[in-house]
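Listed below, chain by chain, are the residues.
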Amino acid sequence: MKISYNWIKEYLDLNVKPADLAEKIERTSVEVDGVTTPSDGLKKIVVGHVLSLEAHPDSDHLHVCQVDVGEDEPLQIVCGAPNVAAGQNVIVALPGSRIADNVKIKKSKMRGVPSAGMICALQEIGFPEDVVPKDYVDGIYVLPEDATPGDAVYDYLGMNDSLIDLDVTPNRGDMLSLYGTLHDLAAIYDKPVKLDHPEVKEDGTAIADQLAVHVDDALSPQYRMRLVKNVKLAPSPMWLQIRLWNAGMRPINNVVDITNYIMLKYGQPLHAFDYDKFNGEDVYVRTAKAGEKLTTLDENDHDLDENDIVIADQKGPIALAGVMGGLDASIQDGTTTVAIESAVFEHDHIRKAAQRHNLHTDASQRFERGVNQAGVQEALDAAAQMMNELADGEVQKGSVVGSSNIPDSAVIDITLTHVNAILGTELTMDQVSHILESLGFEVAVNDDTLTVTVAVRRNDIHIPADLLEEIARIYGYDQLPATLPTGRMTMGTLTMKQRLMRATRHSLEGLGLNQAISYALTTEEKAKMFMMQDSETTNLAWPMSVDHAVLRMNVVSGLLDDIAYNSARKVKDVALYEQGRVFYREDGNDRPSEEEHIAGAITGTLMPEAWNQPAQPVDFFQMKGIVAAYLKDMVVNGDVTYEPNADMPEMHPGRTADVLVHGHRIGFLGQIHPLIAKQFKIGATYVFELNLQAIIDMPKQENQYDVISRYPAITRDIAMLVDDDVTNDQVVALIERRGGAFLQSVKLFDVYDGVKVPKGKKSLAYTLTYQDKHETLVDDAVTQAFDKVSKRLEDDLGAQIR
Amino acid sequence: MSLKDKLSELRQRGLADIKESSDLKDVNQVRVQLLGKKGPITEVLRGMRDLDAEERPKVGAFANEIRDDLANALAKRKEELEKAVLNAQLAKETIDVTLPGTPVAKGEPHVIQQIVDQIEDLFLGMGYQVLSGPEVEEDKYNFEMMNLPKNHPARDMQDTFYITKEILMRTQTSPMQARTLEKHDFSKGPLKMISPGVVYRRDTDDPTHSHQFHQVEGLVIDKHVTMADLKGTLQVLAHELFGDKFDVRLRPSYFPFTEPSVEADITCFNCGGKGCKVCKNTGWIEVLGAGMVHPNVLKMAGVDPDVYGGFAFGVGPDRFAMLKYGVDDIRNFYLNDVRFLTQFTKKG
Ligand SMILES: [Zn+2]
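Residues numbered from 1 in each chain as written. Chains lettered and ligands numbered in written order. Predicted model: local features only at pLDDT ≥ 70, side-chain atom pairs only at ≥ 80, totals over all residues. Heavy atoms only, no water.

Draft legend 1. Main features of the sheet that holds strand β28 (residues 449-453) of chain A. All names here are of chain A. The sheet built from three strands is open, its strands ordered β26-β28-β27 with antiparallel pairing. Each edge of the sheet is formed by a strand with only one pairing partner; in this case those strands are β26 (411-415) and β27 (442-446). Each strand axis lies, on average, 20° off the axis of its neighbour in the sheet, ignoring direction. Examined bridge by bridge, β27 and β28 share five bridges and lie antiparallel to one another. Residue valine 445 lies in a different strand from β28, and its bridge partner there is leucine 450. Packed on one face of the sheet, helix α9 (residues 416-423) meets β26 and β28 and runs near 70° to β26. Those strands touched by helix α11 (residues 464-475) are β26 and β28, and its axis lies near 70° from that of β26. (Pairing = 2+ DSSP bridges. Helix = DSSP H or I, 4+ residues; strand = E, 2+ residues; numbered from the N terminus. Axes fitted to C-alpha atoms, helices over the stretch in contact; angles between N-to-C directions. Contact = heavy atoms within 4.5 Å.)

In structure tokens:
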């Protein structure tokens, strides 16, 4: 809500600049979105009096006007507005002036006719279109007759006021009004505030003879109406229009404007009905019946249901209570008798109605947060009195009251000891009671205890903690000391799981992968890719888009999205890892289980091309090396093995391996299927995904010292031809099993299946290292062992030793 | 010419030859010439047979002295020449040290991870535990136990991805606070925790909104925790993340789970507090929400609010990263352009 600095000053004797006032409000009450002065940035915009005008010789819509701007000679200005006329006072942007959006106005020619400036519409000097009175939306604005040519226009239009835009939190509905804001400012500045109270001049006959209201007080705890007869609809006086448009509301006519003005002033939304449009003399406040319809003021049709509160006459709904009035019974040309409604509606119904009908209005916003229930009648009286003063209306005698459940004030006990113990302050009883009294609360002190009677308008205060907030903020958060919690010592350590998760990230970064964080919500199709176990999908009930509708059951597909994003931006070498959760759901459970995974993806090259190093495209074995090094870092206790897996639909059937620890499958690695690469629009990409939770849960190796032998090692190389389907694992396993007691390691150093080997065969070459921990090995012993293993390779694997 | 004179002359000539030798081959030749079996010194020593028994040891000693001198001179010359050869070799091996180093593969932690780690480390040092909870939560923990009953208007402030009526994507990491509060045994000491993690809101992604982002929430519950302690803790956090010259100010705010509730601003990065476009001329930038835990939250978790109380705060690492590094589009954090990711080299 935008609140006027000038309006505040009418009630409170403040000697602070608008910006300082705004800062104080922000620090003490509610957030301020900004302070604006509408005339800021404008220059040389004055009142002009149109002396005469004639048609432009070369245009059918332009007029050439002679305009008195308070100087010796009138200015000739060409104007295209349809509503310009001789005798008007208008807004003139002089040559050299600056209008909205920093546009400069110069002398110019329009279709050959010189034009010294511009006659302006309100929008052209910065008014938002939705506050400009309807009559002037499509043309220039006409100033009052008594405006003086040559004067700056700003004061005539209220543009020198400063407007403080309050961003009111849901608990501070009271701040959505001038009066509510004044109460807070009175406490902040410790100054008295003088609020005016209306005295209604009544006339005519008793309202009770003309109108009856029937109210369900669960829906509307207070419902009051007054009747004003013989009103003369007219534009409101300038001061009232200025109040409205500076608050962001469009002036309509005096009757409607008064209801809006009272809402701004008291925070109490009012509604004005055309009494003569009522069917009968009875008004009902009830829930809507299924099938009922209403056309609201904005000319939209709404289907109502039993969750909506409506105001109805004998025939049907005439307003959506607390949200918006109906078109049929609204104030229109020809209205003479006005029924003013001042009420309180149950906030939950209003909030839901505003949502259901997508009608978030100034009224619904206030009813949702709660209005000052002690001021409902006063707002009604003030409106009626203004209709008498500004629209010549006769206020009928009395009000009709359908319900009048005014809540009791909250009474809260709090001790000074408690205040200081929670805030960490050393406030005195005087300080605390003074703060509470300055907010308009009644305070009774008894020893250490304050008994506080809270003003009804502050419907957010119920418990001692609420009072603590009032005391703290008015005292000033800046004045609070800054300390750290004392008390018993606690240990701050990471759990083993947290440490291993950090170690996982550090390991993979050390291996060259950058950490990515991708979206966990993805498409249904991608959620189901690269599955490591069976699972149902977990779908959002109301996703914002199909791109983020289902929880992922793999991490790789998100990394492929990332690679696609890079690839589309011509970044060809991408190496990423991601640590994150996947979501598996069992049929029949609403909630998925969450499992920590670790995944990686590389496309292009890991090691970039350089002047001394050719580009080396990533391949299966590089990714396998990364996975192996990472698993070594995790010190899992058990052999890590890799088994071919040709059955994952998203993976290359010949270049994919399951990763097993101690025979237990923890994930996979390999090249993604070329069709998947095509689908993501990316190049050849190698990926892995492991169940990190499983790795965390696995037993870890104890690091035990292994004696390093002082005795020399002996190496023997062996090369052999084997059938293509014999794997390295088979060969190594056999050598390790049959290599003898002194075999220390087996290392593959060559694989060859080129032209020199027969078809269907491949050549493998290994270095075998032998060592004794306790003495120098003799050659003979090694030769014996070596021959034995060679024989085994021939017998068991059909190898031809070369 | 006496033997002694002969030897003296030999020394003279030998040293001169050594000095003149210009490469290792020369040196070797000179050595063979002077000290070899057929060399002059051997010859002189052979002539000792003709000397008196008295003279013999003197000349012998002198001859040995000369042999040593020559041998030393030869060794020295050899070393000099070897050094010269090596130096010439090294000079030939000179490279352009300004050529770029060979690239190595090195990955970086995500910038948001870096901020989360930094926050974790700070609070670990102050005796907090780090606890992470489920991302798919129950309405009960995400909202109800946070003092946000089903029809609470503040639920509109955070639009939620529901999965079913009771199951949702957590909108904050505070459900973990409720879960921990329920279980904590206060006889064993105060509860001091932070809960980092990913949270979700029903938002359309744009430069300032993301349907997925991060949060770190903190909670301290004990017998004598004050709002001044909250202020001090937030100051420490701001100083750790941004530097000592950043001030913290608290402003009233509203959260259903705290009372009093505050928002904390820190000095604007861009202008240092003088006021600029970034801070809307206030000199301050909003960075986090906090407050004293609402008695209802304690009660619902089975903790007696008349005995225990404390503070809670919530910070957004995404927002921190945007402010700290001037990142103008939050989507950058989740699209993972490597040119973006590799800019944030981890410090320390
Ligand atoms: Zn700034």
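Draft legend 2. Representation of the UniProt feature "coiled-coil region" (unreviewed entry) in chain B within the structure. The feature "coiled-coil region" (unreviewed entry), as given by UniProt, occupies residues 63-91 of chain B in the numbering adopted here. Between the C-alpha atoms that bound residues 63-91 of chain B the distance is 42 Å, and the span itself is 100% helix and 0% strand. (UniProt positions renumbered as here; feature names shortened; annotations may be inferred.)

Draft legend 3. Quick peek at unusual backbone geometry. Cis geometry is found at the peptide bond from Glu259(B) to Pro260(B), where omega equals -5°. Relative to the helices and strands, Pro260(B) resides in strand β7 (residues 258-267).

Draft legend 4. Molecular detail of the UniProt feature "binding site: Mg(2+)" (unreviewed entry) in chain B. Under the present numbering, the feature "binding site: Mg(2+)" (unreviewed entry) in UniProt falls on Glu259(B). Along the polypeptide, Glu259(B) turns up in strand β7. On the basis of relative accessible area, Glu259(B) is assigned to the buried category, the value being 9%. Dropping the residues within four chain positions of it, Glu259(B) is found in contact with Ala465(A), Asp466(A), Glu469(A), Met292(B) and His294(B). (Buried < 20%, exposed > 50% of the residue type's maximum accessible area, 1.4 Å probe, protein only.)

Draft legend 5. Expanded view of helix α7 (residues 175-183) of chain B. All names here are of chain B. With seven of its nine residues buried, α7 lies for the most part within the structure. Every buried residue of α7 is listed here: Pro175, Met176, Gln177, Ala178, Arg179, Thr180 and Leu181. Those residues of α7 that are buried are in contact with β2 (136-138), α6 (139-142), β4 (191-200), β5 (212-222), α9 (295-300) and β9 (309-315).

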